[in-house]
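Summary of structural features
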Amino acid sequence: MSRETVNLICAELPGTEKVQGEGGEDVWTLAHEPFARVSESVEVREGAGWVALPPLDDRHLRERIVVAYESLRHALPGDVQVTLDRTSG
């Protein structure tokens, strides 16, 4: 699970933005809300907390990131969701 692979997966999702986090980590956001953090490890947001992912192959890594993204996306107001497909990381 390379940082570059995670960043590529997140960048492909509509409406995402990468911001610099504390300690140099990459934080991926959707409508200014974080859903993934990447440094030496990868963490995704699940519910109200963060879960560190174990080493995964690219397919399973993509699945976990997309689940975190979709959960956040569905929690956003409808008018915000509509604008997400018009923007991309």
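Residues numbered from 1 in each chain as written. Predicted model: local features only at pLDDT ≥ 70, side-chain atom pairs only at ≥ 80, totals over all residues. Heavy atoms only, no water.

1. Here we look at the overall build of the protein chain
As a reminder, the rule being used: Segments assigned H or I by DSSP are reported as helices when at least four residues long, segments assigned E as strands when at least two residues long, and all are numbered from the N terminus. Relative accessibility thresholds used throughout: buried, under 20% of the residue-type maximum; exposed, over 50%; partly exposed, between the two (1.4 Å probe, protein chains only). Where accessible areas are quoted, they stem from the Shrake-Rupley method and a 1.4 Å probe; at the residue level, only the protein chains shown are allowed to cover.
Along the backbone of the protein chain there are three helices and five strands. Helices and strands in the protein chain line up, N terminus first, as α-β-β-β-β-β-α-α. Taking all 89 residues of the protein chain together, 31% fall into the buried category. Per element, the accessible surface of the protein chain, about 5200 Å² overall, is 52% carbon and sulfur.

2. Comments concerning the nonpolar core
Convention followed: What is meant by a nonpolar core is a set of buried Ala, Val, Leu, Ile, Met, Phe, Trp, Tyr and Cys residues, joined one to another through side-chain atoms within 4.5 Å.
Counting 18 residues, the largest nonpolar core has V6, C10, F35, L61 and I65 as its most contacted members. Elements supplying a minimum of two residues to this core: α1 (3-11), β2 (26-30), β3 (33-38), β4 (42-46) and α2 (58-75).

3. Describing the packing of α1 against α2
Here is the rule we go by: Angular values range over 0 to 180 degrees, each being the angle between N-to-C directions of two axes fitted as lines to C-alpha atoms, with helices fitted over their stretch in contact. In this scheme, roughly parallel covers angles under 35 degrees and roughly antiparallel covers those over 145, while 65 to 115 is roughly perpendicular and the rest are oblique. Crossings are classed by handedness, with left-handed meaning an anticlockwise turn of the near helix from the far one by less than a right angle and right-handed meaning a clockwise turn. Note on contacts: a residue pair qualifies if any of its non-hydrogen atoms lie within 4.5 Å across the two residues. Residue polarity is assigned by list, with Asp, Glu, Lys and Arg as charged and Ala, Val, Leu, Ile, Met, Phe, Trp, Tyr, Cys and Pro as nonpolar; anything else, Gly included, falls into the polar class.
Orientation of α1 relative to α2, taken along the N-to-C sense of each, is 45°, at an axis distance of 10 Å. On the basis of the axis angle, α1 is oblique to α2. Crossing of α1 against α2: the hand is right-handed. In contact with T5, V6, I9 and C10 of α1, α2 contributes D58, L61, R62 and I65. Its residues placed into classes, the contact of α1 with α2 shows five nonpolar, one polar and two charged.

4. Considerations on the pairing of β4
So the rule is basically this: Any two strands with at least two DSSP-identified bridges between them are counted as paired.
In the sheet, β3 pairs with β4 via three bridges, with the strands oriented antiparallel. When the sheet's bridge partners are listed, V38 is paired in β4 with V42. Here β3 folds back onto β4 in antiparallel fashion, the turn holding three residues. Bridge count for β4 against strand β5 (residues 49-52) is four bridges, and the pairing is antiparallel. Looking across to β5, one finds that R45 is bridged to W50.

5. Remarks on the sheet that holds β5
Spatially, five strands are ordered β1-β2-β3-β4-β5 in an open sheet, and the strand pairing comes out antiparallel. One side of each edge strand has no neighbouring strand; the edge strands of this open sheet are β1 (16-20) and β5. Geometrically, the sheet is characterised by an average inter-axis angle of 30° between neighbouring strands, direction not taken into account.

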